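# Examination of the molecular architecture
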Amino acid sequence: MRFIHTADWHLGRLMHGVRLTEDQAYVLDQLAALIDESKPDAVLVSGDVYDRAVPPPDAVELLDDFLSRVVLGLGTPVLVIAGNHDSARRLEFGSKLLAEQNLHVFGSVTRDISPVVLWDDAGAVRFYAVPFAEPSQVRAEFSDENVHDHNDAWRVVRDRIIAAGPTGERSVIVAHAFVSGSVESESERPLSVGGADRVDSSHFACFDYAALGHLHRPQSTAADHVRYAGSLLKYSFSEANHLKTVTMVEMDAYGACRIENIPLTPLRDVRCVSGYLKDLLEEPMSREDPGDYLKITLLDSGPVFDAMGRLREVYPNALHVERIGLNPTPRTEAAGMDHRKLNDADLFAAFFSQVTGDDISEEEAAAYAAVVDEMRRMERETEQP
Ligand SMILES: [Mn+2]
């Protein structure tokens, strides 16, 4: 059994105000060509298909086009789950009809987790596709009052799958979750505030392969077969040194997996460069790719007039210019940090201490986390009347 695992496409995403649809279409073309060439038995998309609950029309068109080419044109079954960026209800529209064509879309978590079963010469492989869900949704759906966080939710889901499935058959789980010990990037939106989103790798290691989504750096976690495919593209400058890949998995008759990472070549790379303005303008550091998405750090200490305007004449996709050596003396520890690198809770703690003159207490931080989680939950529920 051969399948391709990919995740975190974030179709419709903006990076520093620039829409990435053209870049996404460019790599999806390569993925379609790879599917055509390698003829996998299935393609797994582990959530965050879209960047937001109501994606822009060109992103919807791009997904429609890609899925039609693969499912109808190439006859390859595709399994898609919703991630935390997707609207479960919108994504699952028409899913019963689409399943007839071998496009299996899972939007909302359900009590009955029935697998998509595919066959090879050695028998059946059961693919359990579990979309992202809030702990409160799992608590209600599974009528289990003991579900308080994501780890509890996954324990219940895993136990249900294992209890219902036959033993001895090969199985794959498709999931969108944050496995403890894995490495984050800057472009992921926390699943909940304050670390309550981490789940134990053991919930996934018991399957022959775990096709994970959520974290944008391609990585195996805990074991080779528990894997994040990583995002389709670099979605922040913190990912400039990532090699984005899709994962090709070859499963043998006993469920052992051989994993190969296949790089996709972006239309424009995401890079960080630094230098003096004069040098950058007169001797472009990378004449070969001046159209890449760039973060430029200027080393000049004196005043610089219209740095971005002048840089863009040479580097049309310069997205961010940073000056070092110009930062005012920070008043507090957090004020000296780059606010884009702080998470919600740290940002609020910095704001709190600036307004009150005191550091935030543990109780106050916990109260803040509870309010934000509740707010996010309500947002999702209004999404899903
Ligand atoms: Mn994501």
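Rules of the game
- The written sequence of each chain sets the order in which its residues are numbered from 1.
- Confidence filtering applies because this is a predicted model: local features only for residues at pLDDT of at least 70, side-chain atom pairs given and counted only at 80 or more, and all residues used for totals across whole chains, interfaces and linings.
- Calculated side-chain values reflect all of the structure's heavy atoms, with hydrogen atoms and water omitted.
- Strands are runs of DSSP state E lasting at least 2 residues, helices are runs of H or I lasting at least 4, and numbering of each runs from the N terminus.
- Using C-alpha atoms as the atom set, the radius of gyration is obtained and then compared with a globule rule of 2.2 Å times the number of residues to the power 0.38.
- Relative accessibility decides the category of a residue: with a 1.4 Å probe and only protein chains considered, values under 20% of the type maximum give buried, values over 50% give exposed, and everything between is partly exposed.
- Each accessible area is a Shrake-Rupley estimate made with a 1.4 Å probe; only the visible protein chains count as cover when residues are assessed.
- His is not counted, nor are the chain ends; Lys and Arg add positive charge and Asp and Glu add negative charge.
- Charge coordinates come from a single atom per side chain, which is NZ of Lys, CZ of Arg, CG of Asp or CD of Glu.
- Metal sites are built from N, O and S donor atoms within 2.8 Å, or 3.2 Å for Na, K and Ca, and they leave out water, so they may look incomplete.
- Residues belong to one nonpolar core when they are buried, are Ala, Val, Leu, Ile, Met, Phe, Trp, Tyr or Cys, and are joined through side-chain atoms within 4.5 Å.
- The source of the domain bounds is an automatic or database domain assignment.
- Residues are treated as being in contact if the distance between any of their heavy atoms lies within 4.5 Å.
- Buried area adds together the accessible area that both of two parts lose upon being put together, with accessible area traced by a 1.4 Å probe.
- When a carboxyl oxygen of Asp or Glu is within 4 Å of a side-chain nitrogen of Lys or Arg, the pair counts as a salt bridge.
- As a working rule, the residues Ala, Val, Leu, Ile, Met, Phe, Trp, Tyr, Cys and Pro are called nonpolar, Asp, Glu, Lys and Arg charged, and the rest polar, with Gly in that last group.
- Between the first and last residue of a helix there are one fewer steps than residues, each counted as 1.5 Å, and that sum is the expected span.
- Under the rule applied, a polar contact is a pair of N or O atoms within 3.5 Å (in protein, one hydrogen donor and one hydrogen acceptor; residues adjacent in sequence only if both atoms are side-chain atoms).
- Paired strands, as defined in this entry, are two strands with at least two bridges between them according to DSSP.
- Interaxial angles span 0 to 180 degrees and are taken between N-to-C directions of axes, which are lines fitted to C-alpha atoms, for helices over the stretch in contact.
- Paired rings are identified among Phe, Tyr and Trp, the last through its six-membered ring, by centres lying within 6.5 Å, and are further divided according to the angle between planes into stacked (under 30 degrees), edge-to-face (over 60) and tilted (the rest).
- The criterion for a charge sitting over a ring is simple: Lys NZ or Arg CZ within 6 Å of the ring centre, and within 35 degrees of the ring normal.
- Working definition: roughly parallel below 35 degrees, roughly antiparallel above 145 degrees, roughly perpendicular at 65 to 115 degrees, and oblique for all remaining angles.

For the protein chain, the count of helices and strands is 11 helices and 19 strands. Taking 21 Å as the expected radius of gyration for a compact globule of 385 residues, we find that the protein chain reaches 23 Å, a close match to that expectation. If one aligns the C-alpha atoms of the protein chain with their principal axes, the spans along those axes are about 70 × 55 × 35 Å. Residues classed as buried in the protein chain amount to 49% of the 385 residues present. For the protein chain, the exposed surface amounts to about 18,500 Å²; the carbon and sulfur share of it is 51%. If the 37 positive side-chain charges of the protein chain are averaged to one point and the 63 negative ones to another, these points end up 2 Å apart.

We now examine the coordination of the manganese ion. Bound to the manganese ion on the protein side are Asp8 (OD), His10 (NE2), Asp48 (OD) and His216 (NE2), at distances that span 2.1 to 2.5 Å. Sequence spacing of the donors to the manganese ion: D-x1-H-x37-D-x167-H. Placement of His10 in the loop between strand 1 (2-6) and strand 2 (14-15) and of Asp48 in the loop between strand 4 (42-45) and helix 2 (57-73) is noted, with a sequence separation of 38 residues between them. Judged by relative accessible area, His10 falls into the buried class, the value being 0%. The exposure class assigned to Asp48 is buried, which follows from its relative accessible area of 1%.

Quick look at the nonpolar core now. With 39 residues, the main nonpolar core has Trp9, Leu31, Phe66 and Val78 as its most contacted residues. Mapped onto this core, the elements with two or more residues apiece are helix 1 (21-38), strand 4, helix 2, strand 5 (78-81), strand 6 (103-106) and strand 15 (245-251). The leading source of residues in this core is helix 2, at seven residues. Counting residues domain by domain, this core receives three or more from each of domain 1 (2-263) and domain 2 (270-323). In this structure Phe66 touches Trp9, Leu28, Leu31, Ala32 and Ile35, once residues within four positions along its chain are discounted. Counting 28 residues, the second largest nonpolar core, distinct from the first, contains Tyr128, Ala133, Phe207 and Leu212.

If you check the domain split of the protein chain, you get domain 1 (2-263), domain 2 (270-323) and domain 3 (334-383). Relative to domain 2, the C-alpha centre of domain 1 lies at a distance of 37 Å. The partner domain 2 presents eight residues to the nine residues of domain 1 that form the contact. A buried area of about 760 Å², summed over both sides, lies between domain 1 and domain 2, and 76% of it is on carbon and sulfur atoms. Our enumeration of links across domain 1 and domain 2 arrives at zero salt bridges. Along the lines of polarity and charge, the residues of the side of domain 1 that touches domain 2 split into five nonpolar, two polar and two charged.

Bringing helix 6 (residues 150-164) into the picture now. Between its first and last C-alpha, helix 6 extends 21 Å over 15 residues, near the 21 Å set by a 1.5 Å rise per residue. Among all positions of helix 6, only His150, Asn151, Asp152, Ala153, Trp154, Val156, Val157, Arg158 and Ile161 are buried. Considering only its buried residues, helix 6 is in contact with strand 8 (123-130), helix 5 (135-141), strand 9 (170-176), strand 11 (198-199) and helix 7 (202-205). Sitting at the amino-terminal end of helix 6 is Asp149, which places a side-chain oxygen 3.2 Å from the backbone nitrogen of Asn151.

The next thing to look at is the sheet that holds strand 17 (residues 270-275). As summarised here, the arrangement of the three strands in space is 17-18-19, forming an open sheet in which the pairing is parallel. Strand pairing shows two members of the sheet lacking a second neighbour, strand 17 and strand 19 (318-323), which therefore form its edges. On average, adjacent strands in this sheet sit at an angle of 20 degrees to one another, irrespective of strand direction. Pairing analysis gives five bridges linking strand 18 (residues 293-298) to strand 19, with the strands arranged parallel. In the sheet register, Ile296 faces strand 19, and the bridge partner there is Val321. Its contacts with the sheet put helix 9 (residues 307-314) on strand 18 and strand 19, and the angle it makes with strand 19 is roughly 135 degrees.

A separate point is the packing of aromatic side chains. Tallied over the full model, the rule gives eight aromatic pairs. Considering the side-chain rings of Phe3 and Tyr209, the 5.5 Å spacing of their centres and the 65 degrees angle between planes classify their relative orientation as edge-to-face. You can see Phe3 sitting in strand 1 and its partner Tyr209 sitting in strand 12 (residues 209-213), a full 206 residues away along the chain. On the basis of relative accessibility, which here comes to 0%, the residue Phe3 falls in the buried class. Residue Tyr209 is classed as buried on the basis of its relative accessible area, which comes to 0%. Summarising the aromatic geometry, the rings of Phe348 and Phe352 are spaced 6.3 Å apart at their centres and angled 50 degrees between planes, so their arrangement reads as tilted. Of this pair, Phe348 and Phe352 both sit in helix 10 (residues 344-356), four residues apart, roughly one helical turn. Residue classification places Phe348 among the partly exposed residues on the basis of a relative accessible area of 26%. These aromatic residues form a ring-pair network of at least three members: Phe348, Phe351, Phe352 and Tyr368. Directly above the ring of Phe178 sits Arg198, whose terminal nitrogen or CZ lies 3.9 Å from the centroid.

Helix 2 packs onto helix 1 with a crossing angle of 5 degrees between their chain directions and a minimal axis gap of 10 Å. The angle between the axes of helix 1 and helix 2 places the two elements in the roughly parallel class. Along its contact with helix 1, which presents Thr21, Gln24, Ala25, Leu28, Asp29, Leu31, Ala32 and Ile35, the element helix 2 presents Asp58, Leu62, Phe66, Arg69 and Val70. Grouping the constituent residues of the contact of helix 1 with helix 2 by class yields eight nonpolar, two polar and three charged.

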